[in-house]
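Residue strings, one per chain:
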Amino acid sequence: VTRLMGATVAPASQAAGSEAAAWEESKSWFDVVGNEKVTVRGLRAWRAQAVLEDIAQTPDTVVFHDVSELDYSHHSAKHGRMEIGDHHGKGYEYHPCVAWDARGNRFLGVLHDTLISESGPDDADVVDYNGDPALDVLDDEAHARLPFNHRHQVAMHIRYLAQLAPDRKLIHVADREFDDTLAMLAACKAGHDFVFRAVGNRTV
């Protein structure tokens, strides 16, 4: 796993060091698939710990937030697909929080991520998507849609990352789809900085 994290764009043989080693390592990677002792939550916690150890030595850590659409429109066997791309396809959404060393200009790793299916984000066991008191004013229908809302996701991810790295001042960077007061307030409350591209012109 350490070699894979250090060679994110390399083929398996290169990451393993040789083609002979690649086959043996590939078999060991598959041992985690379907293994009840290996949970997604556990893997995420392990990965986050590795990234946090690197962040501890990094004065200015930027966290990039973005969403990628995983289109499985032609894979009807996939479970939990939802409409994506403004209802032009079916699949999933992947929302990573990518840590970057702003001074050293290097990739640190994925600090956290979530896969969103028709059941909602798969990190709801650690990220409290319903924990903001401001949401109490919403009706049941709007409340049910919230976990699928990108702006709400980034606000809750910022809150979660503040708990994950309480002694670090992060800089959250995101595009227009995340431009929202709740996300800004979450960053301010955590003592973090943020750069969000504005979705529209405003008088401030």
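Please refer to the structure placed before this passage.
It should be emphasised that the depicted structure is a prediction, and the values quoted were computed from it without experimental measurement.

Pairing of strand β7 (residues 170-174) with strand β8 (residues 193-196), which is carried by 4 bridges, proceeds in the parallel orientation. Bridge pairing links His172 to Phe194 in β8. In this fold, the crossover linking β7 to β8 by way of helix α7 (residues 181-190) has right-handed handedness.

Listing the buried residues of α7 in full gives Ala183, Ala186 and Ala187. Seen along its axis, α7 keeps its buried residues to an arc of 95°; they face one direction. Exposed residues lying more than 90 degrees from the buried face of α7 are Thr181, Leu185 and Lys189. The secondary structure elements touched by the buried residues of α7 are α6 (150-164), β7 and β8. Structurally, the start of α7 carries an N-cap: the backbone nitrogen of Leu182 is 3.0 Å from a side-chain oxygen of Asp180.

Basis of the calculations
- Within every chain, residues take consecutive numbers counted from 1 along the sequence as written.
- Selection of residues for local features in this predicted model requires a pLDDT of at least 70, selection of side-chain atom pairs for listing and counting requires 80 or more, and totals for whole chains, interfaces and linings are taken over all residues.
- Side-chain figures throughout are based on the complete set of non-hydrogen atoms in the structure, without hydrogens or water.
- When DSSP finds two or more bridges between two strands, those strands count as paired.
- By the criteria applied, helices consist of DSSP H or I runs no shorter than four residues and strands consist of E runs no shorter than two, each listed in order from the N terminus.
- We call a crossover right-handed when, viewed with both strands directed away from the observer, the connection leading from the first strand over the helix to the second proceeds clockwise.
- The rule is simple: take the accessible area with a 1.4 Å probe, protein chains only, and divide by the maximum for that residue type; under 20% is buried, over 50% is exposed, in between is partly exposed.
- Picture the helix axis, draw a direction to every C-beta atom, and the arc is the one those directions span.
- Should any heavy atoms of two residues lie within 4.5 Å, those residues are considered in contact.
- The definition of a polar contact used here is a pair of N or O atoms within 3.5 Å, where within protein one atom must be able to donate a hydrogen and the other to accept one, and adjacent residues in sequence count solely through side-chain atom pairs.

Keep in mind that these numbers describe shape and distance, not what the molecule does.
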